[in-house]
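# Summary of structural features
Residue-level listing of the chains:
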Amino acid sequence: MSVITRFAPSPTGYIHIGNIRTALFSWLYARKNKGKFLLRIEDTDLSRFKHIYVENIFFILKHLGLNWDEDVFFQSHRLNLYIKIINFMLNNNMAYKCYCTYERLNHVRNLNIKRKNNYFYDKFCRNKNFNYINKSYVIRFKNPSKGYVSFCDIVYKEIKVLNTELDDFIILRSNGLPTYNFCSVVDDNNMGVTHIIRGDDHLSNTIKQINIFNCLNYKIPVYVHLPMILNSDKKKLSKRDNLFHVKNYLDQGIVPEAILNYVVRLGWSSGNREIFSLNDMKYLFNLFKINKSPCIINYNKLIWINKYYVSNLKYEKLFNYLKYFFKIKNVDINNISNISEIISFFSQRLSNLKDIVENCMLFDNDRVLYEDSFLLKYKLFNYVNVLHYFIKKFSKIIYWDLLNINKVIYSSLIKFTYLETKNIYMILRLFLFGKKVFFNLNIIIFLLKKDNVLFRLKLIKKKLNNYKYY
């Protein structure tokens, strides 16, 4: 039997880290077994549907390298099929029309609350032959009244629920649109899905769906319910929580490899190993190694993993990722002659792409501004003699290397004994970068190159000469 998995998000919000775990596990299992990974867009909730959410689904999956097989399945394109099957169920006593008003249903609900019972529809319309004309109705699934539902989940093992504990749930709304539990069953059958991997918050849906599978004589897939992912407050993740949107992580400078590596460890493990490439995951991934304990998001762990990848990615791939951030910051990398050296330096010291780009911007001469407020704030007019000294000494360096740069800085410490070492370093940073830069001064001066060092020192000299308070 060929393995077919699916990822079936609803476009009612941006994809979050929990959605991507479902997609990744489904993708890994299909790829490991040389099967198919299908994408289905469950877009029947018109009140919350937005095209931008569909675009977000496509973008995130492609950017993370989780490409799908075959054309995308849109539920909104399959409404005729759903209605046809629902009519079949009506005609074969598998479903029925329910004309109960909101007021009546609310009354039944309140009675159950008073009696401290779980709410169930009281089946008022079941087995009745109403002939109402132009009266609004929904269609309910005629859930079996005897026996039980049972299935063996890969993670949760044997699950068994009495049918008397289940409701006659709605499969067609009064607006003519079918509901999630019904559409999901029809689509999983028609798509030939063999394994359904999803969050354990769907366990109650699975119980309902199995009865529909049995009713329509469909083959029941293998179920894998993943442990819940919780935020730091131990609450369930939500599409409305911007903090956990995958796009938000990418915009913060987290690379796709780090996101996938972090996500695969949410509920799955392979010994004590922490770092996994996508190929490693495909080789090692095993459904039976998924545990059912809830996972708590640890942002610091994600940053640690990201730092590993940022410092170990091949330069071409790293540069490709950085292009997006250079574009956002409107940085012309042609203004930075030794951009590869600078990127390589910062990639070993910073943990995300965004910070790398912001530090690369320090080397763009077009962005060096010495406003009057800056000169006044740091009282740089008090250090004109220091400025002249550095211009003179750096100009005389013939071979631009760390040794000669260090000699100039060291000689300045002897020359200006009234200034503490830390002050000399800070003054030079302010002269060259217009801000406090805390990386190794010798190295960043080396990376800036002699021509740019002298250009900046002479530029601030000109500003100080024209400064009205000097």
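Note that the structure is predicted; figures quoted are calculated from it, not measured.

### A short note on the packing of aromatic side chains
- Under the definition given, this model contains 29 aromatic pairs.
- A ring pair is formed by Phe-25 and Phe-285, whose centres lie 5.0 Å apart and whose planes are at 55°; its orientation type is tilted. On the criterion of sequence distance, the pair formed by Phe-25 in helix 1 (residues 17-32) and Phe-285 in the loop between helix 9 (278-284) and strand 12 (295-296) is long-range, its members being 260 residues apart. Of the two residues, Phe-25 and Phe-285, both sit in the buried class.
- Plain terms: the ring middles of Tyr-82 and Phe-182 are 6.3 Å apart, the flat faces sit at 75° to each other, and that makes the pair edge-to-face.

### With respect to the nonpolar core
- Phe-363, Phe-394 and Ile-445 are the most contacted members of the largest nonpolar core, which has 116 residues in total.
- Broken down by element, the residue count for this core peaks at 9 residues, all from helix 1.
- Not counting the four nearest positions on each side in its chain, Phe-394 is found in contact with Trp-400, Ile-405, Val-408, Leu-428, Ile-445, Lys-450, Val-453, Leu-454 and Leu-457.
- Counting 34 residues, the second largest nonpolar core, distinct from the first, contains Ala-95, Ile-207, Ile-212 and Leu-216.

### Concerning the packing of helix 16 (residues 402-415) against helix 18 (residues 441-448)
- At a minimum axis distance of 9 Å, the contact between helix 16 and helix 18 shows a crossing angle of 120°. By the criterion of interaxial angle, the relationship of helix 16 to helix 18 is oblique. In terms of crossing hand, the pair formed by helix 16 and helix 18 is right-handed. The residues of helix 18 that touch helix 16, namely those facing Leu-402, Ile-405, Asn-406 and Ile-409, are Leu-441, Asn-442, Ile-443, Ile-445 and Phe-446.
- Of the residues contributing to the contact of helix 16 with helix 18, the split by class is 7 nonpolar, 2 polar and no charged.

### Some details on the packing of helix 5 (residues 180-190) against helix 6 (residues 203-215)
- At their nearest, the axes of helix 5 and helix 6 sit 9 Å apart, and the two run at 55° to each other. One finds that helix 5 runs oblique with respect to helix 6. In the crossing of helix 5 with helix 6, the sense of the turn from one axis to the other is right-handed. Contacts between helix 5 and helix 6 involve Tyr-180, Asn-181, Phe-182, Ser-184, Val-185 and Asp-188 on the former and, on the latter, Asn-205, Lys-208, Gln-209, Ile-212 and Phe-213.

### Some details on the environment of Phe-390
- For Phe-390, the position within the fold is in helix 15 (residues 384-395).
- In this structure the C-alpha to C-alpha distance between Phe-390 and Leu-454, which are 64 residues apart in sequence, comes to 8.8 Å.

### Considerations on the pairing of strand 2 (residues 36-41)
- Taken across its 6 residues, strand 2 has 5 buried, putting it largely inside the fold.
- Where strand 1 (residues 4-7) meets strand 2, 4 bridges bridge the pair, whose relative direction is parallel. Along strand 2, the bridge assignment pairs Thr-5 with Phe-37.
- Taken together, strand 1, helix 1 and strand 2 form a β-α-β motif whose crossover is right-handed.
- The sheet contact formed by strand 2 and strand 3 (residues 73-74) spans 2 bridges and is parallel. From the neighbouring strand, Arg-40 faces strand 3, where its bridge partner is Phe-73.

Rules behind the numbers
Residues numbered from 1 in each chain as written. Predicted model: local features only at pLDDT ≥ 70, side-chain atom pairs only at ≥ 80, totals over all residues. Heavy atoms only, no water. Phe/Tyr/Trp six-rings, centres within 6.5 Å; stacked < 30°, edge-to-face > 60°. Helix = DSSP H or I, 4+ residues; strand = E, 2+ residues; numbered from the N terminus. Buried < 20%, exposed > 50% of the residue type's maximum accessible area, 1.4 Å probe, protein only. Core = buried A, V, L, I, M, F, W, Y, C linked by side-chain atoms within 4.5 Å. Contact = heavy atoms within 4.5 Å. Axes fitted to C-alpha atoms, helices over the stretch in contact; angles between N-to-C directions. Parallel < 35°, antiparallel > 145°, perpendicular 65-115°, else oblique. Left-handed = near helix turned anticlockwise from the far one by under 90°. Nonpolar A, V, L, I, M, F, W, Y, C, P; charged D, E, K, R; others polar. Pairing = 2+ DSSP bridges. Right-handed = clockwise from strand over helix to strand, strands pointing away.

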